[in-house]
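As a plain string of letters, each chain reads:
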Amino acid sequence: MTVQLAQTPEDIAKCWEAIYALRPHLEQESFVSLIQELQTTGYHLAFIEKDGKAAAAIGYRYLHFLFCGKHIYIDDLTTLPEYRQHGLGSALLDFVHEEARKNGLKTVTLDSGHHRSDAHRLYLNKGYKISSHHFTLNLK
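Residues numbered from 1 in each chain as written. Predicted model: local features only at pLDDT ≥ 70, side-chain atom pairs only at ≥ 80, totals over all residues. Heavy atoms only, no water.

Considering soluble globular proteins, one finds that nonpolar side chains tend to be buried as a cluster. Grouped together as the largest cluster of nonpolar side chains are 38 residues, with contacts concentrated most on Cys15, Phe31, Leu45, Ile58, Tyr60, Ile74 and Val96. Taken together, the elements giving at least two residues each to this core come down to helix 2 (16–22), helix 3 (28–39), strand 2 (43–50), strand 3 (53–65), strand 4 (69–79), helix 4 (88–102), strand 5 (108–110) and helix 5 (117–125). Residues in contact with Val96, not counting those within four places in the same chain, are Ile58, Tyr60, Ile72, Ile74 and Val108. (Core = buried A, V, L, I, M, F, W, Y, C linked by side-chain atoms within 4.5 Å. Buried < 20%, exposed > 50% of the residue type's maximum accessible area, 1.4 Å probe, protein only. Helix = DSSP H or I, 4+ residues; strand = E, 2+ residues; numbered from the N terminus. Contact = heavy atoms within 4.5 Å.)

In structure tokens, the structure reads:
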């Protein structure tokens, strides 16, 4: 499986369907420009292509926090339903883990919705530990 970085507008557009499966609030018309804007703030988008589109995609960034130091934070990890159970998500996690190692980082972090039990199984099988709760306050 080849993992590619989405750096061109065409590659970013290939990731639309996979990202939309995870983030259905996004709009296709602004997707490429949104990813390009995120890329100016350190967001990286990688994908595995099947049948001319991203069958799976991962969005991540390099961060530095007091609680865990320099690390990679995974914003998004998604596989289209018809490509699940083929190891694509696992391959994308391995890619990010290797990126962290190549950059001298010892930690990869992510948040996951409480209802995403299939994703949690993958993370736990990859050695992730549940280390915190994530709280959100939507301001009016």
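When strand 2 meets strand 3, the two strands line up antiparallel, connected through eight bridges. Residue pairing in the sheet places Leu45 in a bridge with Gly59 of strand 3. Hairpin connection from strand 2 to strand 3: two residues lie between these consecutive antiparallel strands, with Asp51 at a positive phi of about 55°. Pairing analysis gives ten bridges linking strand 3 to strand 4, with the strands arranged antiparallel. Considered in strand 4, the bridge of Ile58 is made with Leu77. Taken together, strand 3 and the strand that follows it, strand 4, pair antiparallel across an intervening segment of three residues. (Pairing = 2+ DSSP bridges.)

Next up on the list: the side chain of Thr78. By secondary structure assignment, the location of Thr78 is in strand 4. By relative accessible area, Thr78 is classed as buried at 4%. In terms of polar contacts, Thr78 uses its side chain to reach the backbone carbonyl oxygen of Ala18, at 2.9 Å. The residues touching Thr78, leaving out its near neighbours within four places in the chain, are Ala18, Ile19, Ala21, Leu22, Ala55, Ala56 and Ala57. (Polar contact = N/O pair within 3.5 Å; in protein donor to acceptor, adjacent residues only side chain to side chain.)

All right, on to the sheet that holds strand 2 then. The sheet built from five strands is open, its strands ordered 1-2-3-4-5 with mixed pairing. The sheet is open, and its two borders are formed by strand 1 (3–5) and strand 5, each paired with just one other strand. Ignoring which end each strand starts from, the neighbouring axes of this sheet average 35° apart. (Axes fitted to C-alpha atoms, helices over the stretch in contact; angles between N-to-C directions.)

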